[in-house]
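Descriptive analysis of the structure
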Amino acid sequence: MKHFYHALVVVAVFLAFSCTKQPAIEYDLDGISGKWLVTSTTGEIVIMHDNTFAVNDTVRFYKGVEDFFISRPGENRYYEEYKDIHYFSRFGGMISEDRLSFVVLADRAYTFELIESAKDRLVFQYKDNGAKAVLKKEE
């Protein structure tokens, strides 16, 4: 019986250390679509001269991150007739071979990494300054 308890403790310790708090990647960038709400950021994410992925922005992804629109309450300046949406910024991203990072080409290259993906949550990290944007699925 003593060996059983010893083995049980060893298994429990092993499981405790093997269950890391690493974020889950349930799907890669190709699997992202739909409407998402930016719920928090850990710093500014500036593309060209605009702060992108600000709290309360709505982000619509089409074809993964190859084409996405950011809508901002009270600040939308463009209209996409084909998709029938008003938006603040529109970007195209080139997905990297690893399918977990993408580059937005604007006045220069801006790199983002997908560090967490789940059915109702995404987390992107901006490579320039390490800022993160957390998005929650809306539709």
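As the structure is a computational prediction, the values presented were derived from the model and not from experiment. (Residues numbered from 1 in each chain as written. Predicted model: local features only at pLDDT ≥ 70, side-chain atom pairs only at ≥ 80, totals over all residues. Heavy atoms only, no water.)

Of note, arginine 60 is situated in strand E4 (residues 58-62). Separated by 3.1 Å, the side chains of arginine 60 and serine 71 make a polar contact. Apart from the residues within four sequence positions on either side, arginine 60 is in contact with Gly34, Lys35, Asp67, Phe68, Phe69, Ser71 and Ile85. (Helix = DSSP H or I, 4+ residues; strand = E, 2+ residues; numbered from the N terminus. Polar contact = N/O pair within 3.5 Å; in protein donor to acceptor, adjacent residues only side chain to side chain. Contact = heavy atoms within 4.5 Å.)

Of all residues in the protein, 83% have pLDDT values of 70 or greater, and the mean over the chain is 85. Note on residues 3-18: pLDDT under 50 across the span, and zero contacts to partners over four residues away in sequence or across chains. (pLDDT = per-residue confidence, 0-100.)

If you look at the biggest cluster of nonpolar residues, it comprises 25 residues, and the most contacted ones within it are Phe61, Phe68 and Phe124. Within the residue set of this core, elements represented by two or more residues are strand E1 (34-41), strand E2 (45-47), E4, strand E5 (67-71), strand E10 (101-105), strand E11 (109-118), strand E12 (121-126) and strand E13 (132-137). Setting aside anything within four residues of it in sequence, one finds phenylalanine 61 in contact with Ile32, Ser33, Gly34, Trp36, Asp67, Phe68, Leu122, Phe124 and Leu135. (Core = buried A, V, L, I, M, F, W, Y, C linked by side-chain atoms within 4.5 Å. Buried < 20%, exposed > 50% of the residue type's maximum accessible area, 1.4 Å probe, protein only.)

Two side chains bearing opposite charge may form a pair once their charged atoms approach each other closely. Applying the stated criterion across every chain, the model contains eight salt bridges. Note that arginine 90 is salt-bridged to aspartate 67, the shortest N-O span being 3.3 Å. Of this pair, arginine 90 sits in strand E8 (residues 89-91) while aspartate 67 sits in strand E5, and the two are 23 residues apart along the sequence. Of the charged contacts in the structure, one is a salt bridge between arginine 108 and aspartate 128, with a shortest N-O distance of 2.2 Å. Remark: aspartate 128 occurs in the loop between E12 and E13 and arginine 108 occurs in the loop between E10 and E11; sequence separation between them is 20 residues. Since its relative accessible area comes to 39%, arginine 108 is described here as partly exposed. Salt bridges sharing partners connect three or more residues here, namely Asp67, Glu80 and Arg90. (Salt bridge = Lys/Arg side-chain N within 4 Å of Asp/Glu carboxyl O.)

Position of isoleucine 32 relative to the elements: it lies in the loop between helix H1 (2-18) and E1. Those residues in contact with isoleucine 32 that sit more than four places away from it in its chain are Tyr27, Phe61, Gly64, Val65, Leu114, Leu122 and Phe124.

Another point: the sheet that holds strand E9 (residues 93-95). Spatial ordering of the open sheet is given by E8-E5-E4-E1-E13-E12-E11-E10-E9, a layout of nine strands whose pairing is antiparallel. What marks the edges here is a single partner per strand, and that holds for E8 and E9. Strand-to-strand twist in this sheet, taken as the mean axis angle between neighbours without regard to direction, amounts to 30°. Relative to E8, E5 runs antiparallel, the two being bridged by three bridges. Within E8, the residue paired with phenylalanine 68 across the bridge is phenylalanine 91. (Pairing = 2+ DSSP bridges. Axes fitted to C-alpha atoms, helices over the stretch in contact; angles between N-to-C directions.)

The phi angle at methionine 48 is positive, at roughly 60°, despite the residue not being glycine. The residue methionine 48 is located in the loop between E2 and strand E3 (50-52) in this model.

Our focus in this paragraph is the environment of glycine 34. Looking at the element boundaries, glycine 34 is found in strand E1. Judged by relative accessible area, which is 28%, glycine 34 ranks as partly exposed. Note: C-alpha distance between glycine 34 and phenylalanine 61 (27 residues apart in sequence) is 5.4 Å.

Right, let's talk about the packing of aromatic side chains for a bit. Per the counting criterion, the structure on display carries 14 aromatic pairs. An angle of 15° between the planes, with centres 5.2 Å apart, marks the rings of phenylalanine 102 and phenylalanine 112 as stacked. In this pair, phenylalanine 102 sits in strand E10 while phenylalanine 112 sits in strand E11, placing the two residues 10 residues apart along the sequence. Phenylalanine 102 sits in the buried class, given a relative accessible area of 0%. Among the aromatic residues, those joined into a ring-pair cluster are Phe53, Phe61, Phe68, Phe91, Phe102, Tyr110, Phe112, Phe124 and Tyr126. Positioned above the aromatic ring of phenylalanine 88 is the side chain of arginine 77, whose terminal nitrogen or guanidinium carbon lies 4.2 Å from the ring centre. (Phe/Tyr/Trp six-rings, centres within 6.5 Å; stacked < 30°, edge-to-face > 60°. Lys NZ or Arg CZ within 6 Å of the ring centre and 35° of its normal.)

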